[in-house]
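Structural features, examined
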2 protein chains.
Amino acid sequence: MTGTAAGVLARAAALGEISEEPGRLTRRFATPAMTRAADLVTGWMENAGLAVRRDAVGNVIGRTRGDGPPFVVGSHLDTVPNAGRYDGPLGILSALAVVERLAAGGVRPSVPLEVVAFADEEGTRFGTSYLGSAAYSGGFKREWLGLVDADGITLAEAILAAGGDPEAAVGSSAPQLAGYLEVHIEQGPVLERDGIPVGVVTAIAGQSRVRVVMRGEAGHAGTVPMAARRDALAAAAEVVLAVEHVGRSTDGLVATVGALELSPNVGNVVPGEARMLLDVRHAADPVRARAVDTIRADVERIASARGVDASWTLRYDTAAVELAPGLRRRLEGAIEAGGHPLRTLVSGAGHDAVVLSRLCPTAMVFVRCAGGVSHDPRESVEEADVGVALDVVERFLRGLA
Amino acid sequence: MTGTAAGVLARAAALGEISEEPGRLTRRFATPAMTRAADLVTGWMENAGLAVRRDAVGNVIGRTRGDGPPFVVGSHLDTVPNAGRYDGPLGILSALAVVERLAAGGVRPSVPLEVVAFADEEGTRFGTSYLGSAAYSGGFKREWLGLVDADGITLAEAILAAGGDPEAAVGSSAPQLAGYLEVHIEQGPVLERDGIPVGVVTAIAGQSRVRVVMRGEAGHAGTVPMAARRDALAAAAEVVLAVEHVGRSTDGLVATVGALELSPNVGNVVPGEARMLLDVRHAADPVRARAVDTIRADVERIASARGVDASWTLRYDTAAVELAPGLRRRLEGAIEAGGHPLRTLVSGAGHDAVVLSRLCPTAMVFVRCAGGVSHDPRESVEEADVGVALDVVERFLRGLA
């Protein structure tokens, strides 16, 4: 089973049983479940002949023999609450399977390979992102150590409890790396819609997240005439549709109001306040910036026309990441050499590749997933598609030989 | 102070201190606070020379001497949580003050007068409406006795604990009444906007309350292209604006989406489900029915165009109540005789008058309140406006003499 797609799926199933909670998969950073999962991966890596170490935050790093900057292949081992099996582990297990194949074939690439299982990408426990790859790449910030989880445990305490070393995490320096490749489920419907097993990621979209609050005036739903109202929900509804319009009319843009809460939130009271979270993403930062500006002007126009107050708070803004053109061309070559159809796409979600791209040439392969569903137990991939991914990654890594 | 507007405000302040909770006014049905408030009102009534009784659910009824069906004046003594002082008590205290004036002037109307403080109108504790006036008017339903409050106490137990008699409440029969007059704060902005102290209510609006659910498909805000989305919030936003449009384009109609909840409700996920509560009111039932039909067709059109599912559940439907034209003309005469400006208006909220109107000719006077604010500690009335109300009610009741 080693080196096969069936083996990858079997290992994903085994990892999927390692959870903080009975009956569903939740595996957050620095929990006993994460340690058990890391132990399991460590055993597989050792069986594949890799020299395995665990770093200061619990990243599991398995390395082939040889000196010099390694080429890194991996993904993350942590999950969101009530997760599927593949978001993260598929990238680790694909990397491991290809290393097994290469070893079985006696192939030794020109640079050492590192298979990495990052200890935290989802950031669910401490409200962060990329703790694992940040520590791996020398970007772990001291101020994060004071972050507190829902049980009042600090990040520093959690790292210590899991056998790690918070000071060493902060003190880690950026390694020399030859490159990074990550296999990940698409988490979207594009490959399935187009009937394509795997795709080459050209860029990871930049994101703007904004909190938008419309403040009108609460009032009795029976006694305040329509003309006298300053209905915060009606104003918010116009904003939601304006956001959707900007998304629909801008090629490649996604723009979403995912959260909306009212005060009061009662059937017979005109809403006085509506709080929304806005999420805008695009592969090109200037396009995203223009879209955000347009939406902000829409919010102000809507508020002004309705006599309500609007507030706009930018909470998160990350630039788009263009993945390395050279690696991308080699991935495309590997796909064509394997006789697979070629499709490039933009990743709307962030990945460990965002962090690694700051250090070294970085590439990503997306694998088709059923219905585009992710962050859900229904997450599913086809064995044949995983087989294509293994074939592509193997050809790609052989190219390093 | 008896018989004056200042006295009414002082008594409202005294009642406003009688609460279940420290620091804010909450006085629900059959609580110790309600009993204390009823005791205080009983004392005032007895001082005014009324024969006072407390019925099976705790309604306080003070009667002048004389036989035959009484003319009833009153309102409710219970409040919502974190209430103002005037919603309810103003009508009881105005009635009492006018009875004091008539007694002081030696005026004896042609029929006995009853001042009634109803024990429950808001229905906050058991999720009902009009328990007090229902018991008073012989409409108390046996099935209500099994209703349970937030502490697991049944309505029957609560009535017993407050010294009442649940079986007698169920067994009460409809009394013979000469008529009913209720003074109440407007709870809306119309009188203030028009600069009018008191208004004559022509009708109490009928209400339709509907639960509307839009079901689309949740998805990743970064990875699901705009064209592939079935966004439940975007669909709901169209519904909110359609409801507002129907309200604005129909004279006298109010149409509100007061509550909206999403699943999931997370910034980076396209909402999969939006649940709304719709509230539609109008003085004319056919107008309301047409508006509800229009909104329902809008919901279906929006759902169909967006490929989402819509569900529509009518949860509450009450007919409009036209108040007695004869009493209304006499109220208008009393206003004009006092030299006050005349304004008629529709009540968008329900009142005890809805229940009493089933038994006898019923009238209502609205008193201007600051900003139209009600169900809030900021509830406020002007002493001068209360003075106008007392003058109008006195002239009206003298007309019965």
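Residues numbered from 1 in each chain as written. Chains lettered and ligands numbered in written order. Predicted model: local features only at pLDDT ≥ 70, side-chain atom pairs only at ≥ 80, totals over all residues. Heavy atoms only, no water.

1. Some thoughts on the overall build of chain A
Secondary structure assignment for chain A yields twelve helices and 15 strands. Computed over the C-alpha atoms, the radius of gyration of chain A is 23 Å, within 12% of the 21 Å expected from 2.2 N^0.38 for a compact globule of 401 residues. On the principal axes, the C-alpha backbone points of chain A span a range of 80 × 45 × 40 Å. Counting across all 401 residues of chain A, residues that qualify as buried make up 58%. Counting only contacts in chain A whose residues sit at least 6 apart along the sequence, the fraction spanning at least 24 positions is 76%. (Helix = DSSP H or I, 4+ residues; strand = E, 2+ residues; numbered from the N terminus. Rg over C-alpha atoms; globule rule 2.2 N^0.38 Å. Buried < 20%, exposed > 50% of the residue type's maximum accessible area, 1.4 Å probe, protein only. Contact = heavy atoms within 4.5 Å.)

2. A closer look at the pairing of strand 4 (residues 113–118) of chain B
Two faces, one strand: in a regular strand the side chains alternate between the faces of the sheet. Residue and element names in this part refer to chain B. Burial of strand 4 is extensive: six of the six residues sit out of reach of the surface. Where burial is concerned, the two faces of strand 4 agree: the one with Leu-113, Val-115 and Ala-117 and the one with Glu-114, Val-116 and Phe-118 are both buried. Bridge analysis of strand 2 (residues 60–63) against strand 4 gives four bridges, and the strand direction is antiparallel. Directly across from Arg-63, in strand 4, lies its bridge partner Glu-114. In the sheet, strand 3 (residues 71–76) pairs with strand 4 via six bridges, with the strands oriented parallel. (Pairing = 2+ DSSP bridges.)

3. Let's talk about the sheet that holds strand 12 (residues 309–318) of chain A
Residue and element names in this part refer to chain A. Spatial ordering of the open sheet is given by 9-11-7-12, a layout of four strands whose pairing is antiparallel. At either end of the open sheet lies a strand with only one pairing partner, and these are strand 9 (254–263) and strand 12. When the angles between neighbouring strand axes are averaged without regard to direction, this sheet yields 15°. Where strand 7 (residues 206–215) and strand 11 (residues 273–282) come together, ten bridges link them in antiparallel fashion. Bridging from a neighbouring strand, Val-210 pairs with Leu-278 of strand 11. (Axes fitted to C-alpha atoms, helices over the stretch in contact; angles between N-to-C directions.)

4. Examining helix 10 (residues 325–337) of chain A
Residue and element names in this part refer to chain A. Here helix 10 spans 18 Å end to end across 13 residues, near enough to the 18 Å set by a 1.5 Å rise per residue. What helix 10 keeps buried is the set Leu-327, Leu-331, Glu-332, Ala-334 and Ile-335. Down the axis of helix 10, the buried side of the element spans an arc of 160°, and every buried residue falls inside it. Of the exposed residues in helix 10, the ones pointing more than 90 degrees away from its buried face are Arg-329, Glu-336 and Ala-337. On its buried face, helix 10 is in contact with strand 3 (71–76), strand 5 (179–185), strand 6 (198–204), strand 14 (344–347), strand 15 (362–367) and helix 12 (383–398). Immediately beyond the C-terminal end of helix 10, within one or two residues, lies Gly-339, with a positive phi of roughly 75°. (Expected span 1.5 Å × (residues − 1). Arc of directions from axis to C-beta.)

5. Some words on the pattern of salt bridges
All names here are of chain B. Applying the stated criterion to the full structure yields 56 salt bridges over all chains. Here Arg-101 ties to Glu-394 by a salt bridge, and the two come within 2.7 Å at their closest N and O atoms. Here Arg-101, found in helix 3 (residues 89–104), pairs with Glu-394, found in helix 12 (residues 383–398); they are 293 residues apart in sequence, far enough to count as distant. The exposure class assigned to Arg-101 is partly exposed, which follows from its relative accessible area of 23%. Here Arg-301 makes a salt bridge to Asp-298, at a shortest N to O gap of 3.2 Å. (Salt bridge = Lys/Arg side-chain N within 4 Å of Asp/Glu carboxyl O.)

6. Some details on the confidence of the model for chain A
Taken residue by residue, chain A gives an average pLDDT of 96. The fraction at 70 or more is 100%. Predicted as a complex, the structure gets a pTM of 0.87 and an ipTM equal to 0.88. (pLDDT = per-residue confidence, 0-100.)

7. Digging into the interface of chain A and chain B
On the side of chain B, 48 residues touch chain A, which itself brings 48 residues to the contact. For the pairing of chain A and chain B, the buried interface totals around 3,700 Å² over both sides, and the portion due to carbon and sulfur atoms is 61%. With a closest N to O distance of 2.7 Å, A:Arg306 and B:Glu244 form a salt bridge. For the pair chain A and chain B, the number of links is twelve residue pairs in polar contact (both at pLDDT 80 or more). When residues of the side of chain A that touches chain B are traced back to their parent elements, those giving at least two are helix 7 (190–194), helix 8 (232–248), strand 9, strand 10 (269–270) and strand 11 of chain A. Partitioning the side of chain A that touches chain B into residue classes produces 26 nonpolar, twelve polar and ten charged. (Buried area = accessible area lost by both parts, 1.4 Å probe. Polar contact = N/O pair within 3.5 Å; in protein donor to acceptor, adjacent residues only side chain to side chain. Nonpolar A, V, L, I, M, F, W, Y, C, P; charged D, E, K, R; others polar.)

8. Re the packing of aromatic side chains
The tally for this structure, following the rule as stated, stands at eight aromatic pairs over all chains. A ring pair is formed by A:Phe140 and A:Trp144, whose centres lie 5.1 Å apart and whose planes are at 75°; its orientation type is edge-to-face. The two residues A:Phe140 and A:Trp144 agree in class, both being buried. Among the aromatic residues, ring-to-ring pairing joins A:Phe118, A:Tyr136 and A:Tyr180 into one connected group. Over the face of the ring belonging to A:Tyr316 we find A:Arg209, whose NZ or CZ atom lies 4.5 Å from the ring centre. Of note, B:Arg330 hangs over the ring of B:Phe396, and the distance from its end group to the ring centre comes to 5.2 Å. (Phe/Tyr/Trp six-rings, centres within 6.5 Å; stacked < 30°, edge-to-face > 60°. Lys NZ or Arg CZ within 6 Å of the ring centre and 35° of its normal.)

9. Some remarks on unusual backbone geometry
Here the amide bond leading from A:Ser263 into A:Pro264 is cis, since omega sits at -20°, within 30 degrees of zero. Its place among the elements puts A:Pro264 in the loop between strand 9 and strand 10. Within the chain, A:Gln187 stands out as a residue other than glycine whose phi angle is a positive 65°. You can see A:Gln187 is positioned in the loop between strand 5 and helix 7. The exposure class assigned to A:Gln187 is buried, which follows from its relative accessible area of 3%. Although it is not a glycine, B:His375 adopts a positive phi angle of roughly 55°. Considering the arrangement of structural elements, one finds B:His375 in the loop between strand 15 (362–367) and helix 12.

10. Considerations on the sheet that holds strand 7 (residues 206–215) of chain B
Residues and elements named next belong to chain B. Read from one edge of the open sheet, four strands run 9-11-7-12, paired in antiparallel fashion. Each of the sheet's edge strands pairs with one partner strand only, and the pair in question is strand 9 (254–263) and strand 12 (309–318). Neighbour-to-neighbour, the strand axes of the sheet open up by a mean angle of 15°, direction not taken into account.

11. Description of the environment of A:Gly7
Positionally, A:Gly7 belongs in helix 1 (residues 5–16). Considered as a pair, A:Gly7 and A:Tyr316 are 309 residues apart in the sequence and their alpha carbons are 39 Å apart.

12. Examining the packing of helix 8 of chain A against helix 9 (residues 285–306) of chain A
Residues and elements named next belong to chain A. It is at 10 Å that the axes of helix 8 and helix 9 come closest, and there the two elements cross at 155°. When the axis of helix 8 is compared with that of helix 9, the two are roughly antiparallel. Like other packed secondary-structure pairs, helix 8 and helix 9 cross with a definite hand, here right-handed. Note on element contacts: helix 9 touches helix 8 through Ala-291, Thr-294, Ile-295, Asp-298, Val-299, Ile-302 and Arg-306, opposite Ala-234, Ala-235, Glu-238, Val-239, Ala-242, Val-243 and Val-246. A class-by-class count of the residues in the contact of helix 8 with helix 9 yields ten nonpolar, one polar and three charged. (Parallel < 35°, antiparallel > 145°, perpendicular 65-115°, else oblique. Left-handed = near helix turned anticlockwise from the far one by under 90°.)

13. Considering the pairing of strand 1 (residues 51–54) of chain A
All names here are of chain A. Strand direction decides the pairing type here: strand 1 and strand 2 (residues 60–63), joined by four bridges, are antiparallel. Opposite Val-52, over in strand 2, you have Gly-62 as the bridge partner. The turn joining strand 1 and strand 2, which pair antiparallel and follow one another in sequence, is formed by five residues; a positive phi near 100° is taken by Gly-58.

14. Re the relation of the copies chain A and chain B
Note on the copies: chain A fits chain B at an RMSD of 0.2 Å, the axial shift is 0.2 Å, and the rotation between them is 179°. Considering both components of the superposition, the chain copies are consistent with a two-fold axis. Across chain A, the smallest distance between a C-alpha and the rotation axis is recorded for A:Ala237, namely 2.2 Å. Interface overlap between copies: 100% of the residues of chain A at the interface are likewise at the interface in chain B, consistent with a symmetric, same-surface contact. (Least-squares fit on C-alpha atoms with pLDDT ≥ 70 in both.)

15. Quick notes on the packing of helix 1 (residues 5–16) of chain B against helix 12 of chain B
Residues and elements named next belong to chain B. Packing of helix 1 against helix 12 brings their axes to within 8 Å, and their N-to-C directions diverge by 115°. For the element pair helix 1 / helix 12, the angle class is roughly perpendicular. Considering only the axes of helix 1 and helix 12, their crossing is right-handed. Here Ala-5, Ala-6, Val-8 and Leu-9 of helix 1 lie close against helix 12, whose contacting residues are Glu-383, Val-386, Gly-387 and Leu-390.

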